[in-house]
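# Fold and geometry: a report
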Amino acid sequence: MSASLIRRRVVVHGMVQGVFFRDTCRREAVRHGVGGWVRNNADGTVEAVFEGQPEGVEAMVAWARQGPPSAQVRQVDTTDEQVEGVTGFDVR
């Protein structure tokens with residue numbers, strides 16, 4: 001694994017389920033060359049992990065603060081994590 005890779009977990013609060021957040025997130029992650037996953041949580045939040053080059057991961061964190069056009073993002077909690085070497089991006 002390259003030392004230049006980073007990994008961030010985000011939990012997105014607001015009106016973020018049922019607005020194509022996960023599918024749009026997957027498309028954006030692929031566009032930015034970022035690995036990881038995204039899922040809906042039972043509490044109404046969306047959680048995602050982004051791993052890859054810092055520029056791509058930071059772009060995804062910035063995207064999560066906006067979400068797709070129909071989303072209403074209220075808050076984004078971000079946590080740095082240890083890189084695991086994930087490839088591809090999954091919707092869970």
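Residues numbered from 1 in each chain as written. Predicted model: local features only at pLDDT ≥ 70, side-chain atom pairs only at ≥ 80, totals over all residues. Heavy atoms only, no water.

## Here we look at the UniProt feature "domain: Acylphosphatase-like" (unreviewed entry) in the protein
When the UniProt feature table is mapped to this numbering, "domain: Acylphosphatase-like" (unreviewed entry) covers residues 7-92. The span residues 7-92 is 27% helix and 41% strand, and its two end C-alpha atoms sit 18 Å from each other. (UniProt positions renumbered as here; feature names shortened; annotations may be inferred. Helix = DSSP H or I, 4+ residues; strand = E, 2+ residues; numbered from the N terminus.)

## Focus on the side chain of glutamate 47
Examined against the element boundaries, glutamate 47 turns out to sit in strand 3 (residues 46-52). According to the relative accessible area criterion, glutamate 47 is buried, its value standing at 9%. Within the local environment of glutamate 47, its side chain forms a polar contact with the side chain of arginine 39, the two groups lying 2.7 Å apart. Among residues more than four places away in sequence, those in contact with glutamate 47 are Arg9, Val10, Val11, Trp37, Val38, Arg39 and Asn41. (Buried < 20%, exposed > 50% of the residue type's maximum accessible area, 1.4 Å probe, protein only. Polar contact = N/O pair within 3.5 Å; in protein donor to acceptor, adjacent residues only side chain to side chain. Contact = heavy atoms within 4.5 Å.)

## Examining the pattern of salt bridges
Following the criterion strictly, the structure yields 11 salt bridges and no others. The partner of glutamate 58 in a salt bridge is arginine 8, and the shortest N-O contact between them spans 2.0 Å. Taken together, the positions of glutamate 58 in helix 2 (residues 54-64) and arginine 8 in strand 1 (residues 6-15) put the pair 50 residues apart, joining distant regions of the chain. Overall, the relative accessible area of 37% leaves glutamate 58 in the partly exposed class. The class for arginine 8 is buried, based on a relative accessible area of 15%. Between arginine 9 and glutamate 81 there is a salt bridge whose closest N-O contact spans 2.4 Å. Of the two residues, arginine 9 is situated in strand 1 and glutamate 81 in strand 4 (residues 72-81); the sequence distance between them amounts to 72 residues. Given the relative accessible area of 24%, glutamate 81 is considered partly exposed. (Salt bridge = Lys/Arg side-chain N within 4 Å of Asp/Glu carboxyl O.)

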